[in-house]
Amino acid sequence: MDTEIKNAISAADQDAQYDDKAKRLLGNKIILAHILVKTVDEFKGMNPKDVVSYIEGEPSISVVPVEPGLTNVEKEENGQRIVGMNTENVEINEGLIRFDIIFYVRMKDGISQVIVNIEGQKDEPTSYHILNRAVFYVSRLVSSQKERDFVGTNFNDIRRVFSIWVCMNMDENSMDYVHLTDDKLLGSYPWKGRLDLLNIVLIGIANELPEHDEKYELHRLLSTLLSMELTAQEKLGIIKNEYHVPIDDELRKDVSAMCNLSQGIRDAENVKIIMNMHRDGYSSEQIARIVEKTIEEVEAVIRKKEPVLA
């Protein structure tokens, strides 16, 4: 197999592993609780530790298809038809787009529920507008409830839905809340129904780690977790000391693995840059200055990657 093809496959595999670790870190219940406190009106001002108990079951991570007709699955239990989220037979649905993270949250009244979807993006997509995709996702979260969360024409039983998008590598830290509004164009008739059913939150994370203050509290936490620059110890120190997140073995292992993958991705990108510049005629000194490596490191990469002449 051609070396460049092998490298491309290896890089894609590292990216996929990095994405998986990122989702699993975001899917930790205490991290989800921090997100809910800053995005869902019901929980604003609460201690994230107290919000954890409202998250029902274990969040589904990369197993629920987005595609219409595949989000739900029907099965028989004790002679009854049961409709639930399609979290089985992942292999059959291989290649389909899936929700990154999806879970139910019980409200403080102990009765009502909301459905929350968290989506992570390395950067803002260029092939489509992210808000358009978010509208599609939040619409799927509503339409897929039929026969699962409400039956027939019982539309008053629709659960509120939140689709929360975390976009890294943005120009600035930002947060937008997109939701329905009712503009009275003629008359003042009080149409019945809920304007709060559809909720989209867009969270932009800048490259530079923000200061820890109330305004950027969530951004600093997310930036720390998903950073490709911070070491595992730096990450664990921030989330433990500043956010009082308990560090168990699983979290420590996931953070460490993610940092190793980050280093591997950075190294692969540096190798690509070095070889491209070398082929374009740049000297080792010029390349070393641009990629911030020593001349010896640059020349070692070139020797290793340059094909041997027959």
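Just so it is clear, the structure is predicted and the values come from calculations on it, not from any experiment. (Residues numbered from 1 in each chain as written. Predicted model: local features only at pLDDT ≥ 70, side-chain atom pairs only at ≥ 80, totals over all residues. Heavy atoms only, no water.)

> Help me out: how do you make sense of the pairing of strand β8 (residues 198-206) in this one?
For a regular strand, side-chain orientation follows a simple rule: the groups alternate between the two sheet faces. Of all nine residues that make up β8, eight are buried, and the element is covered over most of its length. Relative to β8, strand β6 (residues 160-170) is paired through eight bridges, and the arrangement is parallel. Looking across to β8, one finds that Val166 is bridged to Ile203. Bridge analysis of strand β7 (residues 174-179) against β8 gives six bridges, and the strand direction is antiparallel. Bridging across to β8, Val178 finds its partner in Ile200. (Buried < 20%, exposed > 50% of the residue type's maximum accessible area, 1.4 Å probe, protein only. Helix = DSSP H or I, 4+ residues; strand = E, 2+ residues; numbered from the N terminus. Pairing = 2+ DSSP bridges.)

> It is not clear to me how a negative patch on the surface should be interpreted in this structure. Could you clarify?
On the surface, Asp123, Glu124, Asp171 and Glu172 cluster together into a patch of negative charge. As for its position among the elements, Glu172 is in the loop between β6 and β7. (Patch = residues over 30% accessible without salt bridge, like charges linked within 9 Å, V, L, I, M, F, W, Y side chains within 5 Å. Areas by Shrake-Rupley, 256 points an atom, 1.4 Å probe, with all protein chains shown as cover. Salt bridge = Lys/Arg side-chain N within 4 Å of Asp/Glu carboxyl O. Lys, Arg positive; Asp, Glu negative; His and termini not counted. Charge placed at Lys NZ, Arg CZ, Asp CG, Glu CD.)

> Can you help me understand the packing of helix α5 (residues 217-226) against helix α6 (residues 232-241) in this one?
When two helices pack together, their arrangement is given by the angle between the helix axes and the distance between those axes. Direction vectors running N to C along α5 and α6 enclose 150°, while the axes themselves pass 9 Å from each other. With respect to α6, the axis of α5 lies roughly antiparallel. In terms of crossing hand, the pair formed by α5 and α6 is left-handed. Along the contact surface, α5 presents Arg220, Leu221, Thr224, Leu225 and Leu226, while α6 presents Lys235, Ile238 and Ile239. Grouping the constituent residues of the contact of α5 with α6 by class yields five nonpolar, one polar and two charged. (Axes fitted to C-alpha atoms, helices over the stretch in contact; angles between N-to-C directions. Parallel < 35°, antiparallel > 145°, perpendicular 65-115°, else oblique. Left-handed = near helix turned anticlockwise from the far one by under 90°. Contact = heavy atoms within 4.5 Å. Nonpolar A, V, L, I, M, F, W, Y, C, P; charged D, E, K, R; others polar.)

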